[in-house]
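# Analysis of the macromolecular model
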Amino acid sequence: MADQLRVLPLIRPRWAQVTHPVYRLERQRRERIRSLAGLNQKFMPVLFGMCGGLCLLFVILGLSARGWAWGSWWEQFEHLARNSLGFTLLALLFVQLIAGMVVNIVTVAQAAPLIGGEVELRSWGLLRVTTVPLHEIIFAKFAAAVRHLRSLLTGLLILRGISLVTGILLFAYVVLRDIFYSFSPADWQRFWGDGLWFPALLALCAGVIFFAAQPGVQVLLNTALGMLASAFSRSRGQAVGLGLAARLVLWIASILSDFVLIYGLTFLFSNWLEPRYATLEAFRNQPAPTTQQAVWAVSLAIFGYLLAVMLWQAGFILTALGLIQRRARSIGP
Amino acid sequence: MSETTALPHTRPKRRHWLSLVLRWKTVRIGCLPATLLLAGLMLVFFNAVSFNNVPYWVASPRAYVIGGRLVLSVGVLMGLQAVGTWMLGLIAASKGGNAVSGQGELLQQRLIISRRRMSFLAWAVILLRLGVVVVLIMTAIYAFTPLLGPPLRWDTTTFVRAVFRRWPLPVALTIVVVLTHWLIGPLLRMRYSTALGALAATWAKQPADRSLLALTARLGAGLAGYLAIVWGGGLIWLIVLTIMDPSYYSVSRFAGRPSALSPSSPEVLTACLIICVLVLVIMAGQVFLPQVYVRMARRRLRRTAPRETLSGTL
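Along each chain, residue indices are assigned from 1 in the same order as the chain's sequence is written. Each chain takes a letter, starting from A, and each ligand takes a number, starting from 1, following the order in which they are written. Only residues with pLDDT of 70 or above have their local features reported here, since the model is predicted, and side-chain atom pairs are shown and tallied only from 80 upward, although totals for entire chains, interfaces and linings are computed over all residues.

### So, the overall build of chain A
Going by this rule: Secondary structure elements follow DSSP: runs of H or I of four or more residues count as helices, runs of E of two or more count as strands, with numbering from the N terminus. A residue is called partly exposed when the number of other C-beta atoms within 10 Å of its own lies between 12 and 20, exposed at 12 or fewer, and buried at 20 or more, with C-beta atoms placed from the backbone. A pair of residues counts as a contact when their C-beta atoms, built from backbone coordinates, are within 7 Å of each other.
Helices and strands together make up the secondary structure of chain A, namely 13 helices and 0 strands. From first element to last, N terminus to C terminus, chain A shows the α and β order α-α-α-α-α-α-α-α-α-α-α-α-α. Its C-alpha atoms put chain A at 75 × 50 × 40 Å along the principal axes. By the burial criterion, 26% of the 333 residues in chain A qualify as buried. In chain A, once contacts between residues fewer than 6 apart in sequence are set aside, the share between residues at least 24 apart is 82%.

Structural data, given as structure tokens:
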């Protein structure tokens, strides 16, 4: 393990190594921030404690509210196992929402003073007259800011992993007990022979990758956003305010656009799947799609949507870094 | 150097060690009476404010009131012991983490001392668990004996009596195993948590981080245990159902079996066996894992701790 860690600097870019002066300076600055150090230390125990306590609470309250299922004893066990998984997932998602919000705010607040702070302290000019190229200054600051959030990121990734396994188990219950259970031999033939498993698997894989990658992507996105706000500010306070406001706007915009897109796509699909009851005139005279067409279309839509969101996030990070460089060139001493 | 030269204030702050010792002693002396008092007050309060009005549709008001209050008492005591057990685990892990020092030669002894110092907490939890057992015994007395009036008839009474008559030995054995673990559980948990805390603390770069790492490990282990039960139970039951395929529509291996668990069915025996095996596995883990953790912690300390020599620290 130690040997592997020693190899890591070799694959790291130059601006993310301790030998780089800007990266080292930023790291030292961050190590002196007590609140950040405290947050890094206490995040994991608080997260684990919250997860354990809330999962137990949700399961106990949920099961006592829903009571026992009617039927045989094996059905009651199935009900218990399925509901335990469901309420655990609910609790985990709730903790993720809270922890994710905290990490997002901390990330933006940590990244926002990176350039604005230098401008306020009048040290940006000094940095620019060194032999370190501008892009290395920005990337080194970016890497140093992200590095000090790794404890928070690890916690969120562990939580995502746990949620993912719980979600997959619950999904397996739904698929095996509710869908595959009622499959006739003809359905099985269609499922395997016509390759209907492939689009479903594609959509599932895209969902898993998207869900698992989000903490890392969000940290990079928020750091880029914070730095972008920093590049357009003349002081640390202004940068933090601007960064948080931008994050809030981005958050609301993404929720609204996701809602509109998902609702619109669902509406179009329901019109296309059942043309007899379609509210849109254009779909009424169309023939109803076959099961194969419907599965392919729905799966590809999910896959495409998730891919588009991930590409948008990656594009935003790269564009923000490009804009930061462009703006940083014109910042005075 | 002149007198006026500003020198950093190097004198360490005075520690109020006496008050700390006194505080710890007060906690040690007062823990058991406080636990008893708290449990007693809570039981009296909850029993006084609930089950005072019997609904008109209840056939046997006496069975309703006594049954309700017994369930409430078990609930209160279970809640209190759960909080106590949770706190015991956290405190034990923290103390275990702080017991780590040097190269770990005296780690075992230091952990024993730590455990002894907080054994009063474990005894408080055992006392609460004993309370749960007492309430359950009282329930059994109310249900099966005429000692406290005519025996009460609850829905489960007939089932329990039939199970006892059909399978006396397996059920008694299961009760003994569960009861043993229930009562010595806090001591085993304390032992496990101190060892886990000590192992986690060996990863600390500075002594101040030991306690936090120990707490992280303890909370992480708790979460892992919970997930093991939920995931393991869910997965096993999913596999069982997929293989056995119990269905209303198709003939299956479950077909012909009664839909409700009968006291005379062999499933009772299977349930007893599963419970016994699970409890014994958990108990074995709590007994043997601490030894492994301590050995690992000592090995890690020997490898990573700086060695002190006559000429200084290497």
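Past the structure itself, the notes keep going.
### Things to note about the packing of helix 5 (residues 113–120) of chain A against helix 11 (residues 236–273) of chain A
Residues and elements named next belong to chain A. What counts here: What counts as an axis is a line fitted to C-alpha atoms, over the stretch in contact for a helix, and the angles between N-to-C directions run from 0 to 180 degrees. What sets the label is the angle itself: under 35 degrees gives roughly parallel, over 145 gives roughly antiparallel, 65 to 115 gives roughly perpendicular, and the rest give oblique. Helix crossings are classified by the rotation of the near helix relative to the far one: an anticlockwise turn of less than a right angle makes the crossing left-handed, while a clockwise turn makes it right-handed.
Running from N to C, helix 5 and helix 11 cross one another at 155°; their axes reach a closest spacing of 8 Å. In terms of orientation, helix 5 lies roughly antiparallel with respect to helix 11. Between helix 5 and helix 11 lies a crossing whose hand is right-handed. For the pair helix 5 and helix 11, the contacting residues are Pro113, Gly116, Gly117 and Glu120 in the first and Arg236, Gln238, Ala239 and Val240 in the second.

### Notes on the environment of Leu164(A)
Residue and element names in this part refer to chain A. Take leucine 164: it is sitting in helix 8 (residues 150–179). Counting along the chain gives 72 residues from leucine 164 to leucine 92, while the straight-line C-alpha distance between them is 9.9 Å. The contacts of leucine 164, once residues within four sequence positions are left out, are Val208, Phe211 and Ala212.

### Digging into the nonpolar core
The condition that has to hold: The term nonpolar core refers to a group of buried residues, namely Ala, Val, Leu, Ile, Met, Phe, Trp, Tyr and Cys, whose C-beta atoms join them within 7 Å.
With 94 residues, the main nonpolar core has Met227(A), Leu196(B) and Ala198(B) as its most contacted residues. Looking at this core, the element that brings in the most residues is helix 4 (residues 73–111) of chain A, giving 13 residues.

### Here we look at the environment of Arg276(A)
All names here are of chain A. Tracing the chain through its elements places arginine 276 in the loop between helix 11 and helix 12 (281–284). A residue is classified by how many C-beta atoms lie within 10 Å of it, and arginine 276, with 7 of them, is exposed. Along the backbone, arginine 276 and alanine 212 are 64 residues apart, and their C-alpha atoms lie at a distance of 40 Å.

### Points about unusual backbone geometry
At Arg122(A), a residue that is not glycine, the phi angle is positive and equals roughly 60°. Within the fold, Arg122(A) resides in the loop between helix 5 and helix 6 (124–128). In this structure, Phe51(B) is a non-glycine residue whose phi angle is positive, near 55°. Inspection of the secondary structure assignment puts Phe51(B) in the loop between helix 1 (17–49) and helix 2 (61–98).

### Some remarks on the confidence of the model for chain B
All names here are of chain B. To be explicit about the condition: Scored from 0 to 100, pLDDT records how confident the predictor is in each individual residue.
Averaged over all residues, the pLDDT of chain B is 84; the fraction at 70 or higher stands at 85%. By mean pLDDT, strand 2 (residues 312–313) is the weakest element of chain B at 48, and helix 6 (residues 168–201) is the strongest at 94. Interface confidence for the predicted complex, given as ipTM, is 0.83, next to a pTM of 0.82.

### Structural notes on the environment of Ala278(A)
Residue and element names in this part refer to chain A. Residue placement: alanine 278 occurs in the loop between helix 11 and helix 12. In the structure, alanine 278 is positioned 11 residues away from phenylalanine 267 in sequence and 9.4 Å away in space, judged by C-alpha atoms. Apart from residues no more than four positions distant in its own chain, alanine 278 is found in contact with Asn271, Phe283 and Arg284.

### Focus on the packing of helix 2 of chain B against helix 6 of chain B
All names here are of chain B. The line we're drawing: Nonpolar residues are Ala, Val, Leu, Ile, Met, Phe, Trp, Tyr, Cys and Pro. Charged residues are Asp, Glu, Lys and Arg, and all others, Gly as well, are polar.
Helix 6 packs onto helix 2 with a crossing angle of 40° between their chain directions and a minimal axis gap of 7 Å. Comparing the axis directions of helix 2 and helix 6 gives the class oblique. In terms of crossing hand, the pair formed by helix 2 and helix 6 is right-handed. Contact residues: Thr85, Leu88, Gly89, Ala92, Ala93, Ser94, Lys95, Gly96 and Gly97 in helix 2; Pro186, Arg189, Met190, Ser193, Thr194, Ala195, Leu196, Gly197, Ala198, Ala200 and Ala201 in helix 6. Tallied by class, residues from the contact of helix 2 with helix 6 come to 10 nonpolar, 8 polar and 2 charged.

### Some remarks on helix 11 of chain A
Quick reminder: α-helices carry 3.6 residues per turn. Residues three or four places apart thus point the same way. To keep it simple, the criterion reads: To estimate how far a helix should extend, the number of its residues minus one is multiplied by 1.5 Å.
Under the 1.5 Å per step criterion, the end-to-end length of helix 11 of chain A is 54 Å for 38 residues, consistent within 8% with the ideal 56 Å. Turning to helix 11 of chain A, its buried residues are Arg236(A), Ala239(A), Val240(A), Leu242(A), Gly243(A) and Arg247(A).

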